[in-house]
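Observations on the three-dimensional arrangement
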Number of protein chains: 2
Amino acid sequence: MDYNTMCPRYEVAIDIIGKKWTGLIIRVLLGGSRRFKDIKKQIPEMSDRMLTERMKELESVGIVSRQVYPETPVRIEYSLTEKGESLRSIIESIQSWSEQWVEDCELQK
Amino acid sequence: MDYNTMCPRYEVAIDIIGKKWTGLIIRVLLGGSRRFKDIKKQIPEMSDRMLTERMKELESVGIVSRQVYPETPVRIEYSLTEKGESLRSIIESIQSWSEQWVEDCELQK
DNA sequence: CAGTATCCGCTACGATACTG
DNA sequence: CAGTATCGTAGCGGATACTG
């Protein structure tokens, strides 16, 4: 294994998907394209500000695409790109790992 | 899908494995038990302080175990627990995702 | 060798109020 | 509806020096 060449890429990936809310947002979008308010509804504890910030980041790294429908009021649909869809197996393995290994006592902070 | 029950566990998992250096440390330990200095050698950019802090965290959540051999000088060996070993598939899928999708241009910050 | 101890800047994140 | 704009704070993580 060559750690010098493979470490940086790995850390970039963690930077993207390891941030708070990101995994939850992607998981919602794995169910299909969603509007801003619908993502919020699925993750009620997250603030507007956070959702906006995460969506911009995810869009800028090519994981999410943003479609504007110029109706009144305007409708915005977010969906996963191919790159975003490719995260499915990672998200799912973290999900099942956490179900198996994260204890109840760790849930309250 | 029940987001109310599954979100918290997922976020706890991300809290653990999403921190800086954690993934790299676990990857080193996937190769077998290692001493402090050997982990450092594999991840030269990381400071002592960070390695110490991460190892304590990983030990406290049961991912890593710490063996003290009271020689002179003292020898400490870190290894993955069963819970830690079970992270292999996650680490590997992030690894291969990053090789496929992280661009060269994203590597410099 | 395997850590501790400090100091400290930065920025991630939350809360709240406002807008095209 | 889909965001901005501001403000405020905890704590993450880097640098450096020291130790049993």
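Per an unreviewed UniProt entry, chain A is named Helix-turn-helix domain-containing protein, and its organism is Fictibacillus fluitans.

What follows is about the pairing of strand β3 (residues 75-80) of chain B. All names here are of chain B. Sheet topology note: the strand β1 (residues 34-35)/β3 ladder contains two bridges and is antiparallel. Bridged to arginine 35 within β3 is glutamate 77. Note: strand β2 (residues 64-69) against β3, six bridges, orientation antiparallel. Note on β3: the bridge partner recorded for arginine 66 is tyrosine 78. In this structure, the hairpin formed by β2 and β3 is closed by a connection of five residues.

Now for the sheet that holds β2 of chain B. Residues and elements named next belong to chain B. Reading across from one edge, β1-β3-β2 is the order of the three strands in this open sheet, with antiparallel pairing throughout. Here the strands that pair on one side only, and so sit at the sheet edges, are β1 and β2. Running over the sheet, helix α2 (residues 22-29) touches β1, β2 and β3 and is turned about 100 degrees from β3.

Attention now goes to the protein's contact with DNA strand C. Neighbouring DNA strand C are 18 residues, the closest being Lys20, Arg49 and Arg54 of chain A together with Arg66 and Tyr78 of chain B. When the atoms of DNA strand C within 4 Å of the protein are grouped by moiety, sugar and phosphate amount to 70% of the total. The separation between a phosphate oxygen of DNA strand C and a polar side-chain atom of arginine 54 of chain A is 2.8 Å. With respect to DNA strand C, the side chain of aspartate 48 of chain B contributes an N or O atom lying 3.1 Å from a base nitrogen. Of all the secondary structure elements, the ones that give two or more residues to the surface near DNA strand C are α4 (48-60) of chain A together with α3 (36-42), α4 (48-60) and β3 of chain B. A per-element tally of the surface near DNA strand C places α4 of chain B first, with four residues. When the residues that make up the surface near DNA strand C are grouped by side-chain class, the tally is seven nonpolar, one polar and 10 charged.

For the rest of this paragraph, the subject is α4 of chain B. Each α-helix turn comprises 3.6 residues. Residues three or four places apart therefore point the same way. Residues and elements named next belong to chain B. The terminal C-alpha atoms of α4, which comprises 13 residues, lie 18 Å apart, in line with the 18 Å expected from a rise of 1.5 Å per residue. Every buried residue of α4 is accounted for by Met50, Leu51, Arg54, Met55 and Leu58. Seen from one end, α4 has its buried residues packed into an arc of 125 degrees, which puts them on one side. Along α4, the residues that are exposed and aim more than 90 degrees away from the buried face are Arg49, Lys56 and Ser60.

Analysis parameters
Per chain, residue numbering runs from 1 following the sequence as it is written. Going through the entries in the order they are written, you letter the chains from A and number the ligands from 1. Totals for whole chains, interfaces and linings use all residues, but because this is a predicted model, local features are given only for residues with pLDDT of at least 70 and pairs of side-chain atoms are given and counted only at 80 or more. The basis for every side-chain value is the complete set of heavy atoms in the structure, and neither hydrogens nor water enter the calculation. Two strands make a pair as long as DSSP finds a minimum of two bridges between them. Under the DSSP-based scheme used, a helix requires at least four consecutive residues in state H or I and a strand at least two consecutive residues in state E, with every element numbered from the N terminus. Contacts were defined at the residue level, with two residues in contact if any of their heavy atoms lie within 4.5 Å. Note on method: axes are straight lines fitted to C-alpha atoms, helices fitted across the in-contact stretch only, with angles between N-to-C directions ranging 0 to 180 degrees. One heavy atom within 4 Å of a molecule or strand makes the whole residue count as near it. Counted as a polar contact is a pair of N or O atoms within 3.5 Å, where, for protein atoms, one must be capable of donating a hydrogen and the other of accepting one, and residues adjacent in sequence contribute only when both atoms are in side chains. Lys, Arg, Asp and Glu make up the charged group, whereas Ala, Val, Leu, Ile, Met, Phe, Trp, Tyr, Cys and Pro make up the nonpolar group; the residues left over, Gly among them, are polar. Expected span of a helix: the number of residues minus one, times 1.5 Å. Exposure is judged per residue with a 1.4 Å probe applied to protein chains only, and the accessible area is read against the type maximum: over 50% gives exposed, under 20% gives buried, and values in between give partly exposed. The directions considered for the arc run from the helix axis to the C-beta atoms.

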